[in-house]
Amino acid sequence: GNSVTQMEGPVTLSEEAFLTINCTYTATGYPSLFWYVQYPGEGLQLLLKATKADDKGSNKGFEATYRKETTSFHLEKGSVQVSDSAVYFCALIRNDYKLSFGAGTTVTVRA
Amino acid sequence: DTGVSQDPRHKITKRGQNVTFRCDPISEHNRLYWYRQTLGQGPEFLTYFQNEAQLEKSRLLSDRFSAERPKGSFSTLEIQRTEQGDSAMYLCASSFSERDSDTQYFGPGTRLTVL
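This structure is a prediction, so every number in the text was calculated from the model and none was measured.

K.L.:
How would you explain the overall build of chain B if you had to name every residue and give the values?
P.N.:
Along chain B, the regular secondary structure elements total 0 helices and 11 strands. Relative to the 2.2 N^0.38 estimate, which gives 13 Å for 115 residues, the radius of gyration of chain B is 13 Å and therefore close to what a compact globule would have. Classification of the 115 residues of chain B by burial places 50% in the buried group. Long-range contacts, defined as pairs at least 24 residues apart, comprise 54% of the intrachain contacts of chain B with a sequence gap of at least 6. Accessible surface, chain B as shown: approximately 5800 Å² in total, 43% of it carbon and sulfur.

Here is the structure:
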């Protein structure tokens, strides 16, 4: 079946540091890949997505590239801010409209 | 467009009681999904509607759980005879099959605590 494995947290960074959260997936065919973010006390928000191999999703300074050869969709941001403190979820969807999520990675950015 | 809304936001109940949650999707969205999220985990799919038809149910959805979407707009999720293991965040999401169909928009969730 479809599954997503993402880097375990928690991750603690200083402001302006570089952030990478690793995500790999298992799925047949060509799933669409997503990063969702959950800020403290809020619901899940779509951060970015990519629907085919070599696509790059980007939003709010975050980027992730769909790598079919390594079945990966790693999230990166070059310079994090305190406001980026949140839980980040990698997810995929494949035809059947069910999102399959990773376990989430908690990121804390210190001023 | 006010986004997906859920009611209540929090529910505390005693074991054995029945609870019902409501979800109002984004107005033009014809697809509606329910997920369950336990502490430290990602959301897990429960069920999915297209308009008023329930098209898929997860094995996680035991016979104590029932979901409806009677007019293809809002949906309810009922849990009968609640158990402590039902304590979780219940998330609703919606999408539009005719545009950007694989992107689901989530509500704030209903946090259920079963004592």
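K.L.:
Lay out the packing of aromatic side chains with the relevant residues and their values.
P.N.:
Taken as a whole and judged by the stated rule, the model has 13 aromatic pairs over all chains. Taking 5.8 Å as the distance between ring centres and 55° as the angle between the ring planes, the aromatic pair formed by Tyr36(A) and Phe101(A) counts as tilted. With Tyr36(A) in strand S5 (residues 32–38) and Phe101(A) in strand S11 (residues 99–101), the pair connects residues that are 65 residues apart, well separated along the chain. The pair formed by Tyr36(A) and Phe101(A) is uniform in burial state, with each residue classed as buried. Between the aromatic rings of Tyr35(B) and Phe45(B), the centroid separation amounts to 5.9 Å while the plane-to-plane angle is 80°, which identifies the pairing as edge-to-face. Here Tyr35(B) is found in strand S4 (residues 31–37), whereas its partner Phe45(B) is found in strand S5 (residues 44–50), with 10 residues between them in sequence. Every member of this aromatic cluster is reached through a ring pair, and the members are Phe34(A), Tyr36(A), Phe89(A), Phe101(A), Tyr35(B), Phe45(B) and Phe106(B). A cation sits over an aromatic face here: Lys68(A) above Tyr30(A), 4.3 Å from the ring centre. Its end group placed over the ring of Tyr97(A), Arg31(B) keeps NZ or CZ at 4.2 Å from the ring centre.

K.L.:
Just give me the short version of the pairing of strand S3 (residues 19–24) of chain B, but keep the residues and values in it.
P.N.:
All names here are of chain B. Residues Val19, Phe21 and Cys23 point to one face of S3 and are all buried, whereas Thr20, Arg22 and Asp24, pointing to the other face, are not buried. With 3 bridges connecting them, strand S1 (residues 5–7) and S3 associate as antiparallel partners. Looking across to S3, one finds that aspartate 7 is bridged to arginine 22.

K.L.:
Report on the sheet that holds strand S7 (residues 56–59) of chain A, specifying residues and quantitative values.
P.N.:
All names here are of chain A. Read from one edge to the other, the open sheet built from 4 strands follows the order S3-S9-S8-S7, with strand pairing classed as antiparallel. Edge positions in the sheet fall to strand S3 (19–21) and S7, since each has one partner strand and no second. Neighbour-to-neighbour, the strand axes of this sheet turn through a mean angle of 15°, independent of strand direction. Taken together, the 3 bridges between S3 and strand S9 (residues 75–77) define a ladder with antiparallel strand orientation.

K.L.:
Tell me about the state of the cysteines, residues and numbers included.
P.N.:
Such a bond, covalent and formed between the sulfur atoms of two cysteines, is termed a disulfide. Under the criterion given, the structure shown has 2 disulfides over all chains. The residue that forms a disulfide with Cys23(A) is Cys90(A), at a sulfur-sulfur distance of 1.9 Å. Between Cys23(A) and Cys90(A) the disulfide shows an S-S torsion of about -70°. By sign, it is left-handed. Taken together, the positions of Cys23(A) in strand S4 (residues 23–26) and Cys90(A) in strand S10 (residues 86–93) put the pair 67 residues apart, joining distant regions of the chain. Each member of the pair, Cys23(A) as well as Cys90(A), is classed as buried. Here Cys23(B) pairs with Cys92(B) through a disulfide, and the sulfurs are 1.8 Å apart. Judged by the torsion about the S-S bond (-70°), the Cys23(B)/Cys92(B) disulfide is left-handed.

Reading the values: the criteria
Residues numbered from 1 in each chain as written. Chains lettered and ligands numbered in written order. Predicted model: local features only at pLDDT ≥ 70, side-chain atom pairs only at ≥ 80, totals over all residues. Heavy atoms only, no water. Helix = DSSP H or I, 4+ residues; strand = E, 2+ residues; numbered from the N terminus. Rg over C-alpha atoms; globule rule 2.2 N^0.38 Å. Buried < 20%, exposed > 50% of the residue type's maximum accessible area, 1.4 Å probe, protein only. Contact = heavy atoms within 4.5 Å. Areas by Shrake-Rupley, 256 points an atom, 1.4 Å probe, with all protein chains shown as cover. Phe/Tyr/Trp six-rings, centres within 6.5 Å; stacked < 30°, edge-to-face > 60°. Lys NZ or Arg CZ within 6 Å of the ring centre and 35° of its normal. Pairing = 2+ DSSP bridges. Axes fitted to C-alpha atoms, helices over the stretch in contact; angles between N-to-C directions. Disulfide = S-S within 2.5 Å.

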